[in-house]
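These are the residues of each chain, in order.
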Amino acid sequence: MQAFSDLMGMLQMQVQVYHNAKVCGQWRINEHELGATCFHIVTEGSCSLEVPGQLSCQLNSGDLLIFPRELPHSMGALETSAEPQLHLNYQEASALSGTGMLCGKVSFSHPAAQQILAALPPVLIIRREHSGDWLEQLLSLIITASYQQHCASTVVLDRLSELLFIYALQQHFSCQKQFSERSFMALYNHPRLVKALAAMHANPQRNWSLAELAVTANQSRTTFSNSFRSVSGWTVMQYLSWWRMQLAWGLLLQGQTVANVCDQVGYQSQAAFSRVFNKHFKLNAGEVRRERQKFRQQPLAKSVWLPESGK
């Protein structure tokens, strides 16, 4: 799981909970910000979910709903009521019938997130009964923080929600059959190929050969090359180039010089590094370093995929 941890750590994820209340009466909640990455988790009770053109179903306590890019949708009460819609904190509504709903927006400071989101379905639902222990335990902590309403509860809920999102991604990508088409994310679940990913992540500056990486995966050079492309749609060296560029972006945002970044990601020539970086992001590496505050606040809409196979 180290390779997947490396990927998640690079994304610089931030979660902001924008709704956490018990909704009572004849209620209905619609989309918050179309196109944004968001999630909803039912903390108490049940509700209906309607996503036009996608699905219509019931969500129960502990069910987690994720929109990689929010679509028009609505959630509402299962039973009709003559009472008006009310959003109450959990303590106030403890004796009332209703649905607990926590909703959050997820943002990323790294453009690689856009390719990961693209590998997800338009709507992802993780049912409580299919999640194992992680969702049950996080749900319990979320409910406890929601009822306590102490001074640090906002920060606590944001951090718990980050864990919620990471665990959800891990569970989804841990099942290779989820990929109807070739995806680089499937590499992170391949028992042999992921060993090569871990090696590249651990030493991105190394002048890796295909034969050396094949050894880490306990495969022949030909089998390794073919299986890597078959699973991901990328060549081994394309992935290595992609990973190096993602690391380079993060290092430049830290304020490191282009020369230092070039060395750390395995390019002996600064000119070659700058050429690949510019092709990948359609931006100059020096520009990212000089204006890094702007890029932290306004990450790229997407990461351009134009990998290079050599140095």
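In the block above lies the structure referred to throughout.
Residues numbered from 1 in each chain as written. Predicted model: local features only at pLDDT ≥ 70, side-chain atom pairs only at ≥ 80, totals over all residues. Heavy atoms only, no water.

Draft legend 1. Expanded view of the pairing of strand S3 (residues 37–44). Most of S3 sits out of view: eight of its eight residues are buried. Here S3 pairs with strand S9 (residues 99–108) via seven bridges, running antiparallel. Counterpart to Glu44 in the pairing with S9 is Gly100. Relative to strand S6 (residues 64–67), S3 runs antiparallel, the two sharing four bridges. When the sheet's bridge partners are listed, Phe39 is paired in S6 with Ile66. (Buried < 20%, exposed > 50% of the residue type's maximum accessible area, 1.4 Å probe, protein only. Helix = DSSP H or I, 4+ residues; strand = E, 2+ residues; numbered from the N terminus. Pairing = 2+ DSSP bridges.)

Draft legend 2. The nonpolar core, seen in detail. By size, the foremost hydrophobic cluster in this structure holds 62 residues, and its most contacted members are Tyr188, Met200, Phe224 and Tyr239. Considering every element that reaches this core, the biggest residue donor is helix H4 (residues 153–173), with seven residues. Core analysis: the next-biggest nonpolar cluster, separate from the first, contains 20 residues, Ala248, Phe281, Leu283 and Phe295 among them. (Core = buried A, V, L, I, M, F, W, Y, C linked by side-chain atoms within 4.5 Å.)

Draft legend 3. Examining the sheet that holds strand S7 (residues 74–76) more closely. Spatially, S2-S7-S4-S5 is the arrangement adopted by the four strands of the open sheet, whose pairing is antiparallel. Both edges of this open sheet fall to strand S2 (28–30) and strand S5 (55–60), since each of them pairs with a single strand only. Each strand axis lies, on average, 20° off the axis of its neighbour in the sheet, ignoring direction. (Axes fitted to C-alpha atoms, helices over the stretch in contact; angles between N-to-C directions.)

Draft legend 4. Local environment of the sheet that holds strand S8 (residues 86–88). Spatial strand order, S8-S1-S9-S3-S6-S10: six strands in an open sheet with antiparallel pairing. In this open sheet, the two edge strands, each paired with only one partner strand, are S8 and strand S10 (124–126). Across the sheet, the axes of successive neighbouring strands diverge by a mean angle of 25°, strand direction being ignored. In this sheet, S9 lies alongside strand S1 (residues 13–24) in antiparallel orientation, the contact comprising 10 bridges. The partner of Gln16 across the bridge, within S9, is Lys105. The sheet strands contacting helix H3 (residues 133–148) are S1, S3, S6, S9 and S10, and the helix crosses S3 at an angle near 80°. Across the sheet, H4 touches S1, S3, S6, S9 and S10, and the angle it forms with S1 is around 105°. (Contact = heavy atoms within 4.5 Å.)

Draft legend 5. Representation of helix H10 (residues 270–281) within the structure. The end-to-end C-alpha separation of H10 is 16 Å, in line with the 16 Å expected for 12 residues at 1.5 Å each. Residues of H10 that are buried: Ala272, Phe273, Val276, Phe277, His280 and Phe281. For H10, the angular spread of buried residues about the axis comes to 140°, placing them on one side. Packing partners of the buried residues in H10 comprise helix H8 (236–253), helix H9 (258–264) and helix H11 (285–290). (Expected span 1.5 Å × (residues − 1). Arc of directions from axis to C-beta.)

Draft legend 6. Region of the structure containing the packing of aromatic side chains. A complete count under the given rule lists 18 aromatic pairs for this structure. Plain terms: the ring middles of Phe224 and Phe228 are 5.9 Å apart, the flat faces sit at 70° to each other, and that makes the pair edge-to-face. Linking Phe224 with Phe228, this pair stays in helix H7 (residues 221–232), spanning four residues, or about one helical turn. By relative accessible area, Phe224 is classed as buried at 0%. Arranged with centres 6.3 Å apart and planes meeting at 45°, the rings of Trp242 and Trp243 form a pair that is tilted. For the pair Trp242 and Trp243, one class covers both residues: buried. Taken together, the ring pairs in this structure connect Phe4, Phe184, Tyr188, Phe224, Phe228, Trp234, Tyr239, Trp242 and Trp243 into an aromatic cluster. Looking at Arg206, its charged tip hangs above the ring of Trp208, at a distance of 4.2 Å from the centre. (Phe/Tyr/Trp six-rings, centres within 6.5 Å; stacked < 30°, edge-to-face > 60°. Lys NZ or Arg CZ within 6 Å of the ring centre and 35° of its normal.)

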